Amino acid sequence: MSRMHRHRMRGKLSRQRVIQLIAAALFNGYAAGFRKGKIFTGGSKAVCVPVLNCYSCPGALGACPIGALQTTLGAKHHFPFYVLGLLTLFGVVLGRAVCGLLCPFGLIQDLLHKVPVPKRTVPRRLDRPARYLKYGILAVLVILLPAFLVTDTGIVPPLFCQYLCPAGTLGGGVPLLLADPALRKLAGALFRWKALVLAVILLASTTIHRPFCKYLCPLGAFYALFNRFSFFQMRLDNDRCVHCGACEAACPMQVEVTGDINGPECIRCGKCRSVCPTGAVSSGFPHGPRSAEKRKRA
């Protein structure tokens, strides 16, 4: 690979990282919350952000869509038109580009994977079936149980948030406990379980790229349903492709780039585009510069 191409590759990756950092700062811009250990309660908290970002994070300026979906379904008397409509809008426009470019917990996993320890890939016979877990979590924990479980109070708690979500533990639980000694005294078995889940995922992220995104994230599962026809798409120019395999070797989600570039597992992170020696891989919206160039050549 030439020096110029390596420089171009690093530049594109750094731009992705800049977008991730800006998104994390925007979604968690209430800096005073971390200092005071208080949750922001302003008007923007009624608006769902497109990513998994805990409502209880002291810096969060918006609501987590998965938490809002469970809460609305668990109330029994409301259908989540607003939440589902907003999620569908994000899915139709961006697909899983939300995961690759905007999600703060995706950024955390990306950074942890840079830790210099031996890297692993899950064997294909285990990896492929395990990827369906996130769809089961979406269907059962996020939708069916909140909608149909009967409780004494008539309200079902947000089960995914309460028992599984590592993003909530990291962004909400840990900062609040650090800031408030009284909360630390109240933390019991449930928080210890959530801390264990978080620790396992964070440790796994150092050796396996984005394990939570691949196997457990219900929001990623929802957006994956729109990947093939979202406005934002990856594109492969077969005339330029030399089938060197660099794109598939670089893909953190193990997507078969030359065979199914817009498959449900693609998070539009741009790594395949960055390493392509011939510029065969591109991404963007239908009427972007690349499309205009293609029309001009035609």
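Here the residue index of a chain counts from 1 through its sequence in written order. Thresholds applied to this predicted model are a pLDDT of at least 70 for local features of residues and 80 or more for the giving and counting of side-chain atom pairs; totals over whole chains, interfaces and linings are not thresholded and use all residues. The side-chain numbers reported here are obtained from all heavy atoms of the structure, hydrogens and water having been left aside.

(A) Quick peek at empty space enclosed by the protein. Cavities and pockets are found on a 1 Å grid laid over the protein atoms alone: a cavity is a set of points where a 1.4 Å probe fits but cannot escape, a pocket is an open set with protein on both sides within 12 Å along at least five of seven lines, and a lining residue has an atom within 4 Å of such a point. Grid points are joined across faces, edges and corners, and a volume is the space filled by probe spheres set on the points. Summed over all chains, the structure comprises three cavities of 30 Å³ or more. Leu52, Cys99, Cys103, Cys217 and Gly220 are the residues nearest the centre of the largest cavity, which is lined by 16 residues in total. Helix and strand assignments follow DSSP, with helices taken as H or I runs no shorter than four residues and strands as E runs no shorter than two, numbered in order from the N terminus. Only helix H5 (97–102), helix H6 (104–112), helix H13 (211–215) and helix H14 (218–224) provide two or more residues apiece to the lining of the largest cavity. Per-element accounting of the lining of the largest cavity gives the leading share, three residues, to H14. For the lining of the largest cavity, the per-class residue count stands at twelve nonpolar, two polar and two charged. Throughout this entry, Asp, Glu, Lys and Arg are counted as charged residues, while Ala, Val, Leu, Ile, Met, Phe, Trp, Tyr, Cys and Pro are counted as nonpolar. The remaining residues, Gly among them, count as polar.

(B) The arrangement of unusual backbone geometry in detail. In this structure, His243 is a non-glycine residue whose phi angle is positive, near 55°. Note on placement: His243 falls in the loop between strand S1 (233–236) and helix H15 (246–250). The residue Arg268 is not glycine, and still its phi comes out positive at about 55°. One can find Arg268 in the loop between helix H16 (257–260) and helix H17 (271–275).

(C) The layout of surface pockets, seen in detail. In this structure, the largest pocket spans a volume of roughly 610 Å³. As for the largest pocket, its lining consists of 29 residues, and the residues nearest its centre are Cys54, Ser56, Pro158, Cys161 and Gln162. Residues belonging to the lining of the largest pocket are distributed by class as follows: 18 nonpolar, nine polar and two charged.

(D) Representation of the environment of Ala24. Topologically, Ala24 is positioned in helix H1 (residues 3–27). Note on contacts: a residue pair is in contact if any heavy atoms of the two residues lie within 4.5 Å. Sequence-distant contacts of Ala24, defined by excluding residues within four places in its chain, comprise Pro104 and Leu107.

(E) Local environment of the packing of aromatic side chains. Geometry of aromatic contacts follows a simple scheme: Phe, Tyr and Trp rings, the Trp one being its six-membered ring, pair when their centres are within 6.5 Å, and the pair is stacked under 30 degrees between planes, edge-to-face over 60, tilted otherwise. As enumerated under the stated definition, the model contains eight aromatic pairs in all. Considering the side-chain rings of Tyr30 and Phe40, the 5.0 Å spacing of their centres and the 50° angle between planes classify their relative orientation as tilted. Of this pair, Tyr30 sits in the loop between H1 and helix H2 (31–36) while Phe40 sits in the loop between H2 and helix H3 (65–74); the two residues are ten residues apart in sequence, bridging distant segments of the chain. A relative accessible area of 25% places Tyr30 in the partly exposed class. On the numbers, 5.3 Å between centres and 80° between planes, the contact of Phe232 with Phe285 is edge-to-face. Here the residue Phe232 occupies a position in the loop between H14 and S1, and Phe285 occupies one in the loop between strand S2 (281–284) and helix H18 (289–297), the gap between them amounting to 53 residues. Burial classification: accessible surface area is computed with a 1.4 Å probe over protein chains only, and a residue below 20% of its type maximum counts as buried, one above 50% as exposed, and the rest as partly exposed.

(F) Seen up close, the packing of H3 against helix H4 (residues 81–94). Remark: H3 packs on H4, axes separated minimally by 9 Å, with the N-to-C direction vectors making an angle of 150°. Taken together, H3 and H4 sit at an angle that is classed as roughly antiparallel. H4 is crossed by H3, and the crossing has left-handed handedness. Across from Pro65, Ala68, Leu69 and Thr72 in H3, the residues of H4 making contact are Val83, Leu84 and Leu87. Residue composition of the contact of H3 with H4, by class: six nonpolar, one polar and no charged. Axis geometry follows a simple rule: fit a line to the C-alpha atoms, using only the stretch in contact for helices, then measure angles between N-to-C directions, giving values from 0 to 180 degrees. For classification purposes, an angle smaller than 35 degrees is called roughly parallel, one larger than 145 roughly antiparallel, one from 65 to 115 roughly perpendicular, and anything else oblique. The sense of a crossing depends on the near helix, which, turned anticlockwise from the far helix by less than a right angle, makes the crossing left-handed and, turned clockwise, makes it right-handed.

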